[in-house]
Amino acid sequence: MSIVTATEQRINTNERVLGITELPTPAELLAELPVGDAQGYRIMRARQEVRAVLSGLDERLLVIIGPCSIHDPAAGLEYAVSLAAAAKEHEGELLVVMRSYFEKPRTTVGWKGLVNDPHLDGSHDMASGLRTAREFMLAASDLGLPLATEFLEPISAQYLSDVISWGAIGARTTESQTHRQLVSGLSMPVGFKNGTDGSVQVAIDACQAASAPQSFMGISEEGRTSIVETAGNQDAHLILRGGADGPNFAEEPVAQASAAMESAGMNPRVIVDASHANSGKSHVRQGEVIEALAERIAAGDHTIAGIMAESFLVAGAQKHDPDLVAAGSDVLSHLTYGQSVTDACMGWDKSAELLEILAGAVRAAR
Ligand SMILES: O=C[C@H](O)[C@H](O)COP(=O)(O)O
Ligand SMILES: C=C(OP(=O)(O)O)C(=O)O
C-alpha cells in the first residue's frame, strides 16, 4: 500500500474561484500618482474643517454633493470645475465637499463602480479602475475641492484614502464589523448611514465600534496581508438616509436620532442625506427635501451639521447594463454625457440654485 503525502495529493478544494489576478500594490500606485505637498496640506486642512463643522465649532453647513457615481472622469471633472466655483462663492456659509464615488454597493447585482469595472463592459480591469479613480481625485483636489467617498472594498482604501477628506459607510455595510474596523483606522471623519431597513441603532453601534481601537487583518502598503492596529476614529458620526419604512429627515426622527447618539456618547449633530430613501430616489423630490431642511436650518436647527445630495451635469439617470455591452464597443458614446448611470441626480442648474438657498439659510440662522 503506497502512502500519499499531503503535498503529492494537491487536491484543489477551491471549487468556485475562477481566477486570481494580482494588482499593483498600494505603494506602487501611490508612488506613480503621489499626493503633492500642497495637496496633502489642503486635504488635511479640509479634514480639520469638516471636524470643526461636525462639532459645531465652525458654524458653516457641511454640504456633500456630487454624482451618485462617476462613470466618466471627463464629465466628473467638468462638474468639479462648476462645483469648485460655487464652493468658493459660498465658502463663508458652506463647506462644500464633492462626492467622488467610485465604488457602488448594489442591492442585488449591477455595475459596481469605476474601480471595479472602469470600462463599463464587465471586463473588471481594476488596476486601471484604481489608477483612473486616483487620477481623478488628484485632479479634482487640484481645483481646491475637498473630496468625499464611500469606502466599500476594505482593500481599496489603501489605494485612495489619502486623498479623501470625508468618508461614508453605506446603508448596506453599516452593520459590517469589517467596515467598522476599517473606519477605526481612517484619518478623516466618516459618517455611518442608517440601515436600509431604517434602523438607526446599527449606525449608532457602528460609530461606537469605529471610535474604539481595533486590531484586525488588512494589507500593508506593500500588499502583504498584515495585522492592522488602529487608534479609533473619534470623528465617526451619523447619516440619516431614510429606510424601508420611509424618510427620516423630518424634525422628529432627526431629534430622536440625535438624542440617541448623545446617549451613546457620540456626536449628536447629524448629516441628513436628501437622496436615497429620503427622496424615494427621485431627483425632483431631493430638491424638495433640501428646501425643507434649509427652512429648518434658517430657523436655527443645530442638530443638522450637514446635508448630502446627488447631483451631476444632467438631471435624472440612464440605464446601463455592462452585460449588454458588445465586445469592443465605445460604451461612453452610447451614454448621455454627464448623466448618472446609477441613482437619479439633480442637474447642475438646480444644484447651484439649492446651494444658494442653503447658503441663505445659514446666513439667516446667524
Ligand atoms: O447610491 C446608489 C444606490 O442607491 C445603491 O448603490 C444601490 O443601488 P441599487 O439598489 O440600484 O443596486
Ligand atoms: C449607496 C449610497 O447610499 P446608501 O448607502 O444610503 O444607499 C450612496 O450614497 O451612494
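In the annotation of an unreviewed UniProt entry, the chain is listed under the name Phospho-2-dehydro-3-deoxyheptonate aldolase and assigned to Paeniglutamicibacter gangotriensis Lz1y. Taken directly from UniProt, the Pathway (unreviewed entry) text for the chain runs: "Metabolic intermediate biosynthesis; chorismate biosynthesis; chorismate from D-erythrose 4-phosphate and phosphoenolpyruvate: step 1/7." Under Sequence similarities (unreviewed entry), UniProt gives the following word-for-word description of the chain: "Belongs to the class-I DAHP synthase family."

## Some details on the overall build of the chain
Across its full length, the chain carries 11 helices and 10 strands. If you line up the chain on its principal axes, its C-alpha atoms span 85 × 50 × 45 Å. The 366 residues of the chain split such that 52% are buried. Intrachain contacts of the chain at a sequence separation of at least 6 include 73% that bridge at least 24 residues. Carbon and sulfur atoms provide 52% of the accessible area of the chain, an area that totals close to 16,700 Å². Taking the average location of the 27 positive side-chain charges in the chain and that of its 47 negative ones, the two points are 2 Å from each other.

## Regarding the layout of surface pockets
Taken as a whole, the largest pocket holds about 670 Å³ of empty space. In terms of lining residues, the largest pocket is bounded by 24 residues, among which Leu23, Met126, Leu130, Ile155 and Tyr159 are the most central. Residues belonging to the lining of the largest pocket are distributed by class as follows: 12 nonpolar, seven polar and five charged.

## Considering the UniProt feature "domain: DAHP synthetase I/KDSA" (unreviewed entry) in the chain
As annotated in UniProt, the feature "domain: DAHP synthetase I/KDSA" (unreviewed entry) corresponds to residues 52–354 in the numbering used here. A distance of 23 Å separates the end C-alpha atoms of residues 52–354, which is 32% helix and 16% strand.

## Considering the pattern of salt bridges
Evaluation of the coordinates by the stated rule reveals 15 salt bridges. Here Arg60 and Asp58 are joined by a salt bridge, their closest N and O atoms 2.9 Å apart. Note on accessibility: Arg60 and Asp58 belong to one class, buried. Put simply, Glu49, Asp58 and Arg60 are held in one network by salt bridges that share partners.

## Quick look at the site of ligand 2
Near ligand 2 the following residues occur: Arg99, Tyr101, Lys104, Pro105, Glu150, Gly170, Ala171, Arg172, Lys193, Arg241, His276 and Glu310. A distance of 2.9 Å separates an oxygen atom of ligand 2 from a polar side-chain atom of Arg172. Between ligand 2 and Lys193, the relevant distance is 2.9 Å, taken from an oxygen atom to a side-chain nitrogen or oxygen of the residue. In isolation ligand 2 offers 290 Å² of accessible surface; the protein chains occlude 97% of this area. Tallied by class, the residues present in the shell around ligand 2 amount to three nonpolar, two polar and seven charged.

## Things to note about the packing of aromatic side chains
Under the definition given, this model contains three aromatic pairs. On the basis of an interplanar angle of 85° and a centroid distance of 5.4 Å, the ring pair of Tyr79 and Trp348 is categorised as edge-to-face. Here the residue Tyr79 occupies a position in helix α4 (residues 73–89), and Trp348 occupies one in helix α11 (residues 348–365), the gap between them amounting to 269 residues. An identical accessibility class is assigned to Tyr79 and Trp348; each is buried. Following the ring pairs from residue to residue traces out a cluster consisting of Tyr79, Phe312 and Trp348.

## Details of the site of ligand 1
Every residue lining ligand 1 is accounted for by Cys68, Lys104, Pro105, Arg106, Thr107, Arg172, His276, Lys281, Glu310 and Asp343. Between Pro105 and ligand 1, the recorded distance is 2.4 Å, taken from a backbone N or O atom to an oxygen atom. Contacts to ligand 1 include Arg106, whose side-chain N or O atom sits 3.0 Å from an oxygen atom. For ligand 1, the protein covers 85% of the area, taking 340 Å² as the surface of the free molecule. Split by residue class, the shell around ligand 1 holds two nonpolar, two polar and six charged.

## A word on the sheet that holds strand β10 (residues 304–310)
With respect to topology, eight strands assemble into a closed barrel ordered β1-β2-β3-β4-β5-β8-β9-β10, the strand pairing being parallel. When strand polarity is set aside, the average angle formed by the axes of neighbouring strands in this sheet is 25°. Sheet strands in contact with α4 are β1 (61–66) and β2 (94–99), and its direction is about 175° off that of β2.

## As for the nonpolar core
Among the nonpolar cores identified, the biggest contains 81 residues, and Val63, Leu83, Leu94, Met98 and Phe192 are the most heavily contacted of them. With residues near it in sequence (within four places) discarded, Met98 still touches Ile65, Pro67, Ile70, Gly76, Tyr79, Ala80, Leu83, Phe136, Leu145, Pro146, Leu147 and Ala148. Within the second largest apolar cluster, 15 residues are counted, among which are Val53, Ala148, Ala168 and Ala305.

## Details of the confidence of the model for the chain
Predicted confidence across the chain gives a mean pLDDT of 96, with 98% of residues reaching 70 or more. The complex model carries a pTM of 0.96, and its ipTM stands at 0.98.

## Notes on the environment of His71
Among the structural elements, His71 can be located in the loop between β1 and α4. Using a relative accessible area of 3% as the deciding quantity, one classes His71 as buried. Expressed as a C-alpha distance, the spacing of His71 and Arg51, which sit 20 residues apart in the sequence, is 29 Å.

Scoring rules and cut-offs
- Residues numbered from 1 in each chain as written.
- Chains lettered and ligands numbered in written order.
- Predicted model: local features only at pLDDT ≥ 70, side-chain atom pairs only at ≥ 80, totals over all residues.
- Heavy atoms only, no water.
- UniProt positions renumbered as here; feature names shortened; annotations may be inferred.
- Helix = DSSP H or I, 4+ residues; strand = E, 2+ residues; numbered from the N terminus.
- Buried < 20%, exposed > 50% of the residue type's maximum accessible area, 1.4 Å probe, protein only.
- Contact = heavy atoms within 4.5 Å.
- Areas by Shrake-Rupley, 256 points an atom, 1.4 Å probe, with all protein chains shown as cover.
- Lys, Arg positive; Asp, Glu negative; His and termini not counted.
- Charge placed at Lys NZ, Arg CZ, Asp CG, Glu CD.
- 1 Å grid on protein atoms, 1.4 Å probe; cavity = no way out; pocket = protein on both sides within 12 Å on 5 of 7 lines; lining within 4 Å.
- Points joined across faces, edges and corners; volume = space filled by probe spheres on them.
- Nonpolar A, V, L, I, M, F, W, Y, C, P; charged D, E, K, R; others polar.
- Salt bridge = Lys/Arg side-chain N within 4 Å of Asp/Glu carboxyl O.
- Near = heavy atom within 4 Å.
- Polar contact = N/O pair within 3.5 Å; in protein donor to acceptor, adjacent residues only side chain to side chain.
- Phe/Tyr/Trp six-rings, centres within 6.5 Å; stacked < 30°, edge-to-face > 60°.
- Pairing = 2+ DSSP bridges.
- Axes fitted to C-alpha atoms, helices over the stretch in contact; angles between N-to-C directions.
- Core = buried A, V, L, I, M, F, W, Y, C linked by side-chain atoms within 4.5 Å.
- pLDDT = per-residue confidence, 0-100.

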